[in-house]
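# Structure assessment
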Amino acid sequence: QVQLVESGGDSVPAGGSLRLSCTASGSIYSIHAMGWYRQAPGKQRELVAAITSGGSTNYADSVKGRFTISRDNAKNTVYLEMNSLKPEDTGVYYCNADALQSEYAVPYGYWGQGTQVTVSS
């Protein structure tokens, strides 16, 4: 089994910054892509940013230039640096990891429990 634990969510005023962290643990052979998703009240979960094991990144248009995703492969940890936060960034942020539990296993997408980010105007 693989567990993902997020941290760093908080309540901040508009224009503020936060740094989210997510660490994967358990029976892990390797991790391919890792990413951050968010879900606002009454809305579907959406991709915020993703990063491959090689460091290639992908961002939602709404966060480009404000958010930065990075990872530490040795620590199985992914980070999301969020700057110039806006009220519309409010939501529960979930970590996702495509992990293999053995060399010949099929990658499976694991989810964290989520961390709340609230941006006040």
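Below you will find a few notes about this structure. Quick caveat: nothing in here was measured; it's all calculated off a predicted structure.

The rules we used
Residues numbered from 1 in each chain as written. Predicted model: local features only at pLDDT ≥ 70, side-chain atom pairs only at ≥ 80, totals over all residues. Heavy atoms only, no water. Buried < 20%, exposed > 50% of the residue type's maximum accessible area, 1.4 Å probe, protein only. Helix = DSSP H or I, 4+ residues; strand = E, 2+ residues; numbered from the N terminus. Pairing = 2+ DSSP bridges. Contact = heavy atoms within 4.5 Å. Disulfide = S-S within 2.5 Å.

### A closer look at the pairing of strand 1 (residues 2–7)
Of the two faces of strand 1, the one lined by Val2, Leu4 and Glu6 is fully buried and the one lined by Gln3, Val5 and Ser7 carries no buried residue. The pairing of strand 1 with strand 3 (residues 18–26) spans six bridges and is classified as antiparallel. Bridging from a neighbouring strand, Gln3 pairs with Ser25 of strand 3.

### Concerning the side chain of Ser21
Along the chain, the position of Ser21 falls in strand 3. With relative accessibility at 17%, the residue Ser21 sits in the buried group.

### Digging into the environment of Ser21
In this structure, the C-alpha to C-alpha distance between Ser21 and Gly8, residues 13 residues apart in sequence, is 6.3 Å. If sequence neighbours within four positions are ignored, Ser21 has contacts with Val5, Glu6, Ser7, Trp36, Val78 and Tyr79.

### Regarding the state of the cysteines
Scanning the entire structure with this criterion turns up one disulfide. Two residues share a disulfide in this structure: Cys22 and Cys95, whose sulfurs sit 2.1 Å from each other. Between Cys22 and Cys95, the S-S torsion sits near -80°, and that sign places the bridge as left-handed. In this pair, Cys22 is assigned in strand 3 and Cys95 in strand 9 (residues 91–100), connecting sequence segments 73 residues apart. Across this residue pair, the class does not change: Cys22 and Cys95 are buried.

### Comments concerning the environment of Tyr104
Relative to the helices and strands, Tyr104 is located in the loop between strand 9 and strand 10 (108–111). According to the relative accessible area criterion, Tyr104 is exposed, its value standing at 73%. Sequence separation between Tyr104 and Glu81 is 23 residues, and the spatial gap between their C-alpha atoms is 33 Å.

Shape is all these values report; function is a separate question.
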